[in-house]
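# Fold and contact review
Now for the letters of each chain:
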Amino acid sequence: MLRSLHRLALPLVILLAIGSAAVLAQPGHDVALVLDLGEFESAAAALAYVEDVDWSNPQSSEAVTCTHALAATELRDYLCRLTGADADDERNFPIRDDDGDLAGPAILIGGPATNRQTAALAAERGGDLGIPAEEQGFRILGLPEHEPPVLALAGADRVGTLYAAYELLEELGVRWYGPGEVNEEAPRREGFAIPALDRVEAPGFRSRGFWAWEDRATPEFIEWMGRNRMNFWTVEDQQRAQLKLRGIRLTCGSHHTQWRFIHPDHPYPYDVARFTGDENKPADPYREGEYQGDVNGDGALSYSEVHPEWYGLQKGKRSFRFEYDFGDNICDSNEDGVTEFYRNLVQDLIDGQWRWADSINFWMFDSGVWCECEACQALGTPTDRNLRLVHRLRQAIDAARAAGRLQRPVQIEFLAYFDVIEPPTRPLPEDFDYDGCVATFFPIRRCYVHAFDDPACTELNAPLHAQYTGWATDPERHYRGQIFIGEYYNVSFFRNLPLVLDQILASDIPYFHRTGARHMHYMHAPGGMLGPRALTNWLLARMLWEPEADAGALLEDYFTGRYGAVAPTMRRLYDHLRTGLSNTTLLKSVMARRLNEQRRDLFPDRHLKYEETHPETDDGPDFVEILKEMDAAGRLMGEALRTPAPRRVRLRLMEDQRMVRYADHTVRLYDRLLATQRALAAGDRDAAEAAYAEATIHADRLRVDILSTSMASSHANDKNGLEASLVSGVYEEIGKAFKTGGEAAAR
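Computed from a predicted model, the values in this text were never measured in an experiment. (Residues numbered from 1 in each chain as written. Predicted model: local features only at pLDDT ≥ 70, side-chain atom pairs only at ≥ 80, totals over all residues. Heavy atoms only, no water.)

## Things to note about the overall build of the protein
Keep this limit in mind: Secondary structure elements are defined from DSSP: runs of H or I of at least 4 residues count as helices, runs of E of at least 2 residues count as strands, and each element is numbered from the N terminus. Here the radius of gyration uses the C-alpha set of atoms, whereas the globule reference equals 2.2 Å times the residue count to the power 0.38. Only protein chains enter the area calculation, which uses a 1.4 Å probe; residues under 20% of their type maximum are buried, those over 50% are exposed, and those in between are partly exposed. Positive charges are assigned to Lys and Arg, negative charges to Asp and Glu, while His and the chain termini are left out of the count. Charge coordinates come from a single atom per side chain, which is NZ of Lys, CZ of Arg, CG of Asp or CD of Glu.
Of regular secondary structure, the protein possesses 23 helices and 20 strands. The C-alpha atoms of the protein give 30 Å as radius of gyration, which agrees with the globular expectation for 747 residues (27 Å, within 12%). Along the first, second and third principal axes, the C-alpha atoms of the protein reach 105 × 75 × 50 Å. Considering the protein as a whole, with its 747 residues, one finds that 58% of them fall into the buried category. Where the 80 positive side-chain charges of the protein centre and where its 115 negative ones centre are 4 Å apart.

Here you go:
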């Protein structure tokens, strides 16, 4: 029909041309988004099917199409916003299937294996687009001189293609500094044309994200993770399909693994020859042990009643102390007990609560006590014994895979922490699976005044650093596998204080990467009410993707993009907040707890004294310095709020203000309680009551603050700021003492 138009009279051709303006997109809005829609009629139809996809096969055709549909939809939404195009008009940045010829400029979504048009482009260029082989990697290739102009977003896999789409949007100025639209930047532009662009990227860290164990992510937080290329979260989150859609790996397990799968009080699932009433159960596959019979008289047998020898020996007796995350570990030398433990665990990975999991955090009890029997002790140190258990679990999972019972790979992430933080002292089995088992090093109670490898931090980081190198770099080390870093940027006793950790991240992440770590997360990450902590999450995402990135340039991007004209003031505020809260490990885990216990020596460490001191090593901000830094941060917060700014920036500043005030009231409550106790110790009741009255002002402000302490994990949250200060006990006790005329608080 188009050919026949040339035979029409000129006036009719002109008329048709004029009429066609009503069905064509405006110049700059006419770039098509081309993908293989597979069996779906549209990208919207593909996204509506996400919950029905079998995500156990993350590279299935349905999974690929759905993720590419998300890439196309995100691109279209933001391109419309950037250019002012009407998103309701389907002619603007239309989404097209890849099965027809290109009629105009196009963005090709997917590599040659998943997009016909990309395959044709690759053939034109000799058959190779130079896509990196690494998972999640991509190449962006923009060819404005091509006929028609094209831009290929070609991922090594579906997730790499999605990341390429987000990289293109970032190239156009889009930023996601935090969850939700208020934390987005999408600068307007005049139209969009295919740019000359050639970029090849692959992640520096393969695992990037947050360790969690609760169903607590908001949809906005999940979107933020995907857009910032974070790919690690918990299987306990019920939005699993949306997480899988974005390539986010789901992990399961924790310290409660024994509690779930080999609890001493759980029913024994087999027919025991010496017991009547369980004949309908399967035959008992295990040899008889120290059978006790129905000890509690409930008419049924439990694990501990049939096999008490499966449980840890403590001081000559079998211990059944299982307190969810805490307790006494099982007898790890007992092969039958370990076999049953793993049978239950693997079955759960197959069809139970953890059937969506991509990895398992195989952790024994937190600070768990290891069995003292001779057979167990002969197996070596707790770390040696833990690695033996890891190896056995790997074999059990692999056996289920080989038998066709488990349809997906499951990585094991085991602990290098607390009781098992020391490196192994014995060689690992020759067939230890270093690809499928990863050591997670948790530097518990580390210092954030100093970088992790700073030798000047002898009290806190240096011992941890020595343990880390024993796992990661010691030429004589026995463990030769992967390292996962588990950080504590919001460790539970911080209770959501807004630490500024940019300098720590800028130093530590390249160091961890250079020493072989390829996985990293942190615990208790806040999903909202971030305030200045938005910088931690955003910078973490940037540097885990590119560990040697220019941190200074990233900070300039963050402050300029997030705060606009208020950026200079906010940079100074962050500087003071960084110094003021960098010593929080000792401020809260030592000083605040000792204060709450009314102990005499509240500042036992060189890092933190009351008056300003500067030792040769372990020099951190002392308490009076912390007060000065918080004073300065508060003044700058007021200055920032007085500066004219767009509404979205003001909303960000208001969130910052809430978190800065929470930190300020916490520190000042400490200060006034310290003053109260000093006055009581000196026998000056009037001065003590005056100081306590000032403490009450801060305590009251903290008591009504229920938001600042509510947006992270249950371990890091608290019901209000006063409880989160960890000194509510001494505050209440002193108040009662004053009311009754007592002097108990002067102890």
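## Details of helix 3 (residues 61–83)
Selection criterion: Each helix should span, by expectation, one fewer than its residue count multiplied by 1.5 Å.
The terminal C-alpha atoms of helix 3, which comprises 23 residues, lie 32 Å apart, in line with the 33 Å expected from a rise of 1.5 Å per residue. Among the 23 residues that make up helix 3, 18 are buried, leaving the element largely enclosed by the rest of the structure. Phi turns positive, to about 80 degrees, at G84, one or two residues after helix 3.

## Observations concerning the packing of aromatic side chains
Quick reminder of the rule: Any two rings among Phe, Tyr and Trp, with Trp reduced to its six-membered ring, count as a pair given centres within 6.5 Å; such a pair is stacked if its planes are under 30 degrees apart, edge-to-face if over 60, and tilted if neither. Lysine NZ or arginine CZ positioned within 6 Å of the ring centre and within 35 degrees of the ring normal marks a charge as sitting over the ring.
On inspection of all chains with the given rule, the structure shows 62 aromatic pairs. Relative to F418, the ring of Y417 has its centre 5.9 Å away and its plane inclined at 40 degrees; by these criteria the two rings are tilted. For F418, a relative accessible area of 48% gives the class partly exposed. Relative to F442, the ring of Y417 has its centre 6.1 Å away and its plane inclined at 80 degrees; by these criteria the two rings are edge-to-face. Pair noted here: Y417 is in the loop between strand 17 (411–416) and strand 18 (437–441) and F442 is in the loop between strand 18 and helix 13 (461–472), with a separation of 25 residues, a long-range link. The exposure classification of Y417 matches that of F442, with both residues buried. Among the aromatic residues, those joined into a ring-pair cluster are F210, F221, W224, W233, Y448, Y489, F493, F494 and Y522. The ring of W545 has R229 sitting right over it, with the charged end atom 4.7 Å from the ring centre.

## Structural notes on the environment of F738
For the record, the criterion: By definition, residues are in contact when any of their heavy atoms lie within 4.5 Å.
If you trace the backbone, F738 turns up in helix 23 (residues 728–740). For F738, a relative accessible area of 15% corresponds to the buried category. Sequence separation between F738 and R685 is 53 residues; the distance between their C-alpha atoms is 9.1 Å. Those residues in contact with F738, other than ones at most four positions away along the chain, are T676, L680, R685, A688, E689 and Y692.

## Quick look at the environment of Q258
Along the polypeptide, Q258 turns up in helix 8 (residues 257–261). Given the relative accessible area of 0%, Q258 is considered buried. With 305 residues separating them in the primary sequence, Q258 and Y563 have C-alpha atoms 48 Å apart. When neighbours within four sequence positions are excluded, Q258 is seen to be in contact with H263, F322, N329, I330, F341, M364 and F365.

## Regarding the packing of helix 21 (residues 685–703) against helix 23
Two measures define how a pair of helices packs: the angle their axes make with one another and the distance between the axes. Rules: Fitted lines through C-alpha atoms serve as axes, helices being fitted only where they are in contact, and the angles separating the N-to-C directions of these axes extend from 0 to 180 degrees. Geometric relationships in this document are graded by angle, where less than 35 degrees denotes roughly parallel, more than 145 denotes roughly antiparallel, 65 to 115 denotes roughly perpendicular, and other angles denote oblique. Note on convention: the crossing is left-handed when the near helix lies turned anticlockwise from the far helix by less than a right angle, right-handed when the turn is clockwise.
Where helix 21 meets helix 23, the closest approach of the two axes is 11 Å, and the angle between their N-to-C directions is 135 degrees. The angle between the axes of helix 21 and helix 23 places the two elements in the oblique class. Here the hand of the crossing between helix 21 and helix 23 comes out left-handed. Mapping the contact onto sequence places R685, A688, E689, Y692, A695, T696, A699, D700 and R703 in helix 21 and Y731, E732, I734, G735, A737 and F738 in helix 23.

## Brief notes about helix 4 (residues 116–124)
For an α-helix the count is 3.6 residues per turn, leaving residues at separations of three or four pointing the same way. Going by this rule: Throughout, the arc means that of the directions going from the helix axis to the C-beta atoms. Polar contacts, as used here, are pairs of N or O atoms within 3.5 Å; protein pairs need one atom able to donate a hydrogen and one able to accept it. Residues neighboring in sequence count only if both atoms are side-chain atoms.
Residues of helix 4 that are buried: Q117, T118, L121 and A122. End-on view of helix 4: buried residues confined to an arc of 145 degrees, all on one side of the axis. Residues of helix 4 that are buried sit in contact with strand 1 (32–35), strand 3 (106–109), strand 4 (138–143) and strand 5 (150–155). Two or three places before Q117, at the opening of helix 4, N115 has a side-chain oxygen 2.9 Å from that residue's backbone nitrogen. Backbone geometry just downstream of helix 4 places G126 in the positive-phi region, at approximately 95 degrees.

## So, the pairing of strand 17
For the record, the criterion: Strand pairing requires that DSSP identify at least two bridges connecting the strands.
Counting buried positions along strand 17 yields 6 of 6 residues, so the element is predominantly enclosed. Of the two faces of strand 17, the one carrying Q411, E413 and L415 and the one carrying I412, F414 and A416 are both buried. Sheet topology places strand 17 next to strand 18; 5 bridges connect them, and they run parallel. Considered in strand 18, the bridge of L415 is made with T440.

## Regarding the pattern of salt bridges
Side chains that differ in sign of charge can pair as their charged atoms come close. Test applied: Salt bridge, as used here: a side-chain nitrogen of Lys or Arg that lies within 4 Å of a carboxyl oxygen of Asp or Glu.
As enumerated under the stated definition, the model contains 50 salt bridges in all. Ionic pairing is found between D664 and R668, a salt bridge with its closest N-O pair at 2.9 Å. You can see D664 and its partner R668 sitting in helix 20 (residues 647–681), 4 residues apart, about one turn around the helix. For D664, a relative accessible area of 16% corresponds to the buried category. Between R672 and E694 there is a salt bridge, and its shortest N-O distance comes to 2.8 Å. With R672 in helix 20 and E694 in helix 21, this pair connects stretches of sequence that are 22 residues apart.

## Quick notes on a negative patch on the surface
What counts is decided by this rule: Here a patch means residues that are over 30% exposed by relative accessible area and free of salt bridges, tied together within 9 Å if like-charged and within 5 Å if nonpolar (Val, Leu, Ile, Met, Phe, Trp, Tyr). Note on areas: these come from Shrake-Rupley sampling with a 1.4 Å probe, and a residue is covered only by the protein chains present in the view.
Side chains of E39, E51, D52, D54 and E62 sit close together on the surface and give a patch of like negative charge. Examined against the element boundaries, D52 turns out to sit in the loop between helix 2 (43–48) and helix 3.

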